[in-house]
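Observations on chain architecture
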Amino acid sequence: MDGTPMERLCAHRGVAVPALTTAAVAELAPVLGMHPADLLAVGCVEIPGGYLPVDGGADAQRELGRIRRATWDADGAELDALGRFAREVDGGRPRPDRPSMPAADRGTVGEVIRRLMRVRNTPRAWVAREAQLAESTIGRLMRDGIDGNPAAAVATRFMLRVADAFGLPHGDFLAIAGRADEVTAAMREQDRTRPPSPLAALLRDLAPLSLDDLRRVAARAEAAQTARRL
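A separate point is the nonpolar core. Residues Leu 39, Ile 113, Val 162, Phe 166 and Phe 173 are the most contacted members of the largest nonpolar core, which totals 45 residues. Of all hydrophobic cores here, the second largest spans 20 residues; its members include Ala 60, Leu 64, Ala 86 and Ala 221.

So, about the pattern of salt bridges. Inspection of every chain in the model, using the stated rule, returns 18 salt bridges. Between Asp 172 and Arg 13 there is a salt bridge whose closest N-O contact spans 2.8 Å. One end of the pair, Asp 172, is in helix 10 (residues 170-176); the other, Arg 13, is in helix 1 (residues 5-13), with 159 residues separating them in the sequence. Residue class for Arg 13 comes out partly exposed when judged on its relative accessible area of 30%. One salt bridge connects Arg 228 with Asp 73, and the closest N-O pair in it is separated by 2.6 Å. On the criterion of sequence distance, the pair formed by Arg 228 in helix 13 (residues 211-228) and Asp 73 in the loop between helix 4 (58-70) and helix 5 (76-90) is long-range, its members being 155 residues apart. Since its relative accessible area comes to 26%, Arg 228 is described here as partly exposed. The structure contains a network of salt bridges with shared partners spanning Glu 63, Arg 66, Asp 212, Arg 215 and Glu 222.

A few words now on helix 9 (residues 156-166). Of the residues making up helix 9, those classed as buried are Met 159, Leu 160, Val 162, Ala 163, Ala 165 and Phe 166. In this structure, the buried residues of helix 9 make contact with helix 6 (109-120), helix 7 (124-131), helix 8 (135-142), helix 10, helix 11 (185-193) and helix 12 (198-206).

Take helix 7 next. The complete set of buried residues in helix 7 reads Trp 126, Val 127, Ala 128 and Ala 131. Once helix 7 finishes, Gln 132 follows within two positions and takes phi at roughly 55°, a positive value.

Turning next to the packing of aromatic side chains. What the rule picks out here adds up to 1 aromatic pair. Considering the side-chain rings of Phe 166 and Phe 173, the 6.5 Å spacing of their centres and the 50° angle between planes classify their relative orientation as tilted. With respect to class, Phe 166 is no different from Phe 173; both count as buried. Positioned over the ring face of Phe 158 is Arg 157, at 4.5 Å from the centre of the ring. The ring of Phe 85 has Arg 220 sitting right over it, with the charged end atom 3.9 Å from the ring centre.

A few words on unusual backbone geometry. The backbone of Cys 44 sits at a positive phi, close to 55°, despite the residue not being glycine. Taking relative accessible area as the criterion, Cys 44 reaches 5% and is therefore assigned buried. A positive phi angle is found at Asn 121, which is not glycine, with a value near 60°. Counting through the fold element by element, Asn 121 comes out in the loop between helix 6 and helix 7.

One way to put it is that helix 5 packs onto helix 13 with a least axis distance of 10 Å and a crossing angle of 155°. Compared by their axis directions, helix 5 and helix 13 come out roughly antiparallel. The way helix 5 lies across helix 13 gives a crossing that is right-handed. Every residue of helix 13 that contacts helix 5 at Glu 78, Leu 82, Phe 85, Ala 86 and Val 89 is listed here: Asp 213, Arg 216, Val 217, Arg 220, Ala 221 and Arg 228. Looking at the contact of helix 5 with helix 13 residue by residue, the class counts come to 6 nonpolar, no polar and 5 charged.

Along the polypeptide, Phe 173 turns up in helix 10. Under the relative-accessibility criterion, Phe 173 is labelled buried at 2%. For Phe 173, the residues in contact, after removing those within four places along its chain, are Ile 113, Met 159, Val 162, Ala 163, Phe 166 and Leu 168.

By the element assignment, Thr 71 lies in the loop between helix 4 and helix 5. You can call Thr 71 buried: its relative accessible area is 6%. Only 2.9 Å separates the side chain of Thr 71 from the backbone oxygen of Ile 67, close enough to count as a polar contact.

As a volume, the largest pocket reaches approximately 600 Å³. If you trace the largest pocket, you find 23 residues lining it, with Gly 33, Gly 167, Leu 168, Pro 169 and Pro 196 closest to the centre. Every element with two or more residues in the lining of the largest pocket is listed here: helix 1, helix 9, helix 11 and helix 12. A class-by-class count of the residues in the lining of the largest pocket yields 9 nonpolar, 5 polar and 9 charged.

Procedures and definitions
- Residues numbered from 1 in each chain as written.
- Predicted model: local features only at pLDDT ≥ 70, side-chain atom pairs only at ≥ 80, totals over all residues.
- Heavy atoms only, no water.
- Core = buried A, V, L, I, M, F, W, Y, C linked by side-chain atoms within 4.5 Å.
- Buried < 20%, exposed > 50% of the residue type's maximum accessible area, 1.4 Å probe, protein only.
- Salt bridge = Lys/Arg side-chain N within 4 Å of Asp/Glu carboxyl O.
- Helix = DSSP H or I, 4+ residues; strand = E, 2+ residues; numbered from the N terminus.
- Contact = heavy atoms within 4.5 Å.
- Phe/Tyr/Trp six-rings, centres within 6.5 Å; stacked < 30°, edge-to-face > 60°.
- Lys NZ or Arg CZ within 6 Å of the ring centre and 35° of its normal.
- Axes fitted to C-alpha atoms, helices over the stretch in contact; angles between N-to-C directions.
- Parallel < 35°, antiparallel > 145°, perpendicular 65-115°, else oblique.
- Left-handed = near helix turned anticlockwise from the far one by under 90°.
- Nonpolar A, V, L, I, M, F, W, Y, C, P; charged D, E, K, R; others polar.
- Polar contact = N/O pair within 3.5 Å; in protein donor to acceptor, adjacent residues only side chain to side chain.
- 1 Å grid on protein atoms, 1.4 Å probe; cavity = no way out; pocket = protein on both sides within 12 Å on 5 of 7 lines; lining within 4 Å.
- Points joined across faces, edges and corners; volume = space filled by probe spheres on them.

Just geometry here; none of it tells us what the structure is for.
If you want it as structure tokens, here you go:
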């Protein structure tokens, strides 16, 4: 498997590889139609604190769990509305300085997955649940670069489920994992026409919220769930 995840993604998209600095990678994000936090994760460069969760502790995870349970059967419009509410709650107001996530010494598939989870404030169990896979399968991907190349041993259909869990285009994720040869013309067309995942967008909207703000969003999500069931 040649190159870094960033180099493989850029080759797949047909763009030049940026300088591996936070500023240069973030500038490429709108060109690729990606969220800056996701591309910074793929590049394994320093991720500024503004893209990282305020609180990754057990209380925050509990509130995120409330939100996910309340939105399990929500449609795209409801998820979009909850994301708008989360952004209103956040308000873009200044927050205390948060430490950045340092650049990685090595860019591996496993490191990219760890960073994608970090910018979403989602643990491995969540990714496995969203992808409908065993946690051990996600763990195998995360061990990339440690015990060889386990990503190559994960079935393509499972890789695509992980891509969906992160809200990433299938072709992009396969390229990041060094499996661009599995990307078909039909997959490229599907990636081009598929609308963005509202759940993935919601998770990114939730990531920077404080614990109190997460509680407000959870209460809104549960109220909407109750209304759906009336």
